[in-house]
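Structural characterization, general
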Amino acid sequence: MVNGWNPSTLREALAIRAQYPVIPYAGGTDLMIAEEREGAYLFLNRIPELKRIVREGNILRMGAGCTFTELLEHSETPALLREALALIAAPAIRNEGTIGGNIANGSAKADSALIFFVADASVRLQSIAGERVLPIREFYLGRKKLDLRPDELITEVLLPLRWLDSYDYQKIGARKALAISRVAFAGLMTVENGIILHCATAYGAVSDVIIRRPDLDAMLIGKAVEQAKALKSQYLAAYAEAIAPTQGRVSATYRKTVCLNLLDNFLKKFGV
Amino acid sequence: MTNGIEFTLNGTAVVFEGSATARLLDVLRDTYGLTGVKCGCKEGECGACSILLDGRLVNSCMVAMGRVAGCDVVTIEGYAKTERFKTLDAAYAAVSAAQCGFCIPGMVLASECILAKNPNPTEEEIRDGISGNLCRCTGYNAIVKAIQIAAKEGAGLW
């Protein structure tokens, strides 16, 4: 094949990745937009190891090569992830786009990555030399900057399922389909017997990297709902300080206002 | 043993000898002369270049040739030979769902995928199914109607 490699096993793919300066091709839906084709592609679409979806206890292991459609059609995919995936682009793009590619693109607008952030998921990175498992928050170093070595491939996303059932998800886009998030919010809150057992929030499309601040959410964890209500203005103020939107297609002021409204709606949804 | 990319194109086995990074859209139009595959935006926004890749709808502008090795590619030219197409064709005509026609090859293939997934789709499922295919002439109501007619008339085909 000219300008391309088409491995059929992960081992083979990692060997090529280690030896040649190839560009990993997962779904192609971001890669192919560039007008100029440079370099050689390492096609990852026929590697069975990257297509696996396995539940192990409270962790859902999803191969990085799983397309959005494959995950939407899989019975183990949790409702929150399903909701976010269903709003990505349109069917033809969901049929090719993958979670690994969504992450590898390094964008804070990646709608599946937002769910992985709020759930404190990890990514498995493999090379011929071995493997690393990194919390997704540590994997993102900045806009389009990932802690990924040139010999590594993202092979799996490890999604903890424990707190995912009780959530709020909001995507703000300019239209219903084919919309790039202007602000996306995901929040998890579990309240039992009036006590907040878990609270996790994340924002996509606001800054260079998806915003996830467990230090702020910690203000509410372990508190009774009434206590949390008393702390609410303090929590919102802390978040207001933490959010510094980049100026993009829409103004930073608009995005920040939307962010805080979404956070307020999330708290209200759970009685806070 | 060949260095080319082997795949099935509208039912015929072919070997593409060019670059694995070439766009499927360009190769379908320029190498194979399949100009029913339209080029609208080259960034996945319009769906005019939609084709069936192993039975699933994809934008051929966002697919590199290396991706299709060993796969089954169907364009509107191949699909037009099927009974299902005849039903969709008649349904689109019945409600004048086509005007300039530029979106229609993609729209028809999107219609096929909607009906293949669910032979009796709800209006919401139809609208979601064509949500990546833009039409700037008739708008969507006539197209939605055409798919509903095809579902009814083509009972048993899907």
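Criteria and cut-off values
- Residues numbered from 1 in each chain as written.
- Chains lettered and ligands numbered in written order.
- Predicted model: local features only at pLDDT ≥ 70, side-chain atom pairs only at ≥ 80, totals over all residues.
- Domains from an automatic or database assignment.
- Helix = DSSP H or I, 4+ residues; strand = E, 2+ residues; numbered from the N terminus.
- Nonpolar A, V, L, I, M, F, W, Y, C, P; charged D, E, K, R; others polar.
- Pairing = 2+ DSSP bridges.
- Core = buried A, V, L, I, M, F, W, Y, C linked by C-beta atoms within 7 Å.
- Buried ≥ 20, exposed ≤ 12 C-beta atoms within 10 Å, placed from the backbone.
- Contact = placed C-beta atoms within 7 Å.
- Axes fitted to C-alpha atoms, helices over the stretch in contact; angles between N-to-C directions.
- Parallel < 35°, antiparallel > 145°, perpendicular 65-115°, else oblique.
- Left-handed = near helix turned anticlockwise from the far one by under 90°.

Focus: the domain arrangement of chain A
Residues and elements named next belong to chain A.
- When the domains of chain A are assigned, the result is domain 1 (48-160) and domain 2 (167-269).
- Just the C-alpha atoms count here: the centres of domain 1 and domain 2 sit 22 Å apart.
- Only helix H3 (79-86), helix H6 (111-118) and strand S8 (140-142) provide two or more residues apiece to the side of domain 1 that touches domain 2.
- It is H6 that provides the largest number of residues to the side of domain 1 that touches domain 2, a total of 6 residues.
- Tallied by class, the residues present in the side of domain 1 that touches domain 2 amount to 12 nonpolar, 1 polar and 6 charged.

A word on the pairing of strand S2 (residues 12-16) of chain B
Residue and element names in this part refer to chain B.
- In the sheet, strand S1 (residues 5-9) pairs with S2 via 5 bridges, with the strands oriented antiparallel. When the bridges of S2 are listed, Glu6 appears paired with Val15.
- Counted between consecutive antiparallel strands, the loop separating S1 from S2 contains 2 residues, among which Asn10 sits at a positive phi close to 50°.

Topic: the nonpolar core
- Residues Leu114, Ile115, Phe116, Val118 and Ala186 of chain A together with Met65 of chain B are the most contacted members of the largest nonpolar core, which totals 130 residues.
- With 7 residues, helix H4 (residues 104-117) of chain B is the largest single contributor of residues to this core.
- With residues near it in sequence (within four places) discarded, Leu114 of chain A still touches Ala84, Ala184, Ala186, Ala202, Gly204 and Ile210 of chain A.

Concerning the sheet that holds strand S7 (residues 130-135) of chain A
All names here are of chain A.
- Read across the sheet, 5 strands follow the order S4-S5-S10-S6-S7 without closing on themselves; strand pairing throughout is antiparallel. Of all the strands in the sheet, just strand S4 (53-56) and S7 have a single pairing partner and so form its edges. Strand after strand, the sheet turns through a mean of 20° between neighbouring axes, direction not considered.
- Sheet topology places strand S6 (residues 122-127) next to S7; 6 bridges connect them, and they run antiparallel. For Val123, the partnering residue across the bridge sits in S7 and is Leu134.
- The strands touched by helix H1 (residues 10-19) are S6 and strand S10 (153-160); relative to S10, the strand with the most contacts, the crossing angle is about 125°.

Side note on the domain arrangement of chain B
Residues and elements named next belong to chain B.
- Splitting chain B by domain gives domain 1 (5-78) and domain 2 (82-153).
- Taken together, the contact between domain 1 and domain 2 spans 13 residues of the former and 11 residues of the latter.
- When residues of the side of domain 1 that touches domain 2 are traced back to their parent elements, those giving at least two are strand S3 (50-53) and strand S4 (56-59).
- Looking at the side of domain 1 that touches domain 2, its residues break down into 8 nonpolar, 3 polar and 2 charged.

Topic: the interface of chain A and chain B
- Counting residues at the interface gives 24 residues for chain A and 27 residues for chain B.
- Mapped onto the side of chain A that touches chain B, the elements with two or more residues apiece are strand S3 (41-43) and helix H4 (91-94) of chain A.
- A per-element tally of the side of chain A that touches chain B places H4 of chain A first, with 3 residues.
- Looking at the side of chain A that touches chain B, its residues break down into 14 nonpolar, 7 polar and 3 charged.

Some points on the packing of helix H9 (residues 225-242) of chain A against helix H10 (residues 252-269) of chain A
Residues and elements named next belong to chain A.
- Remark: H9 packs on H10, axes separated minimally by 11 Å, with the N-to-C direction vectors making an angle of 150°. Looking at the two axes, H9 sits roughly antiparallel to H10. Our pair here, H9 against H10, has a crossing hand that is right-handed. Here Lys232, Leu236, Tyr239 and Ala240 of H9 lie close against H10, whose contacting residues are Leu260, Leu263, Asp264 and Leu267.

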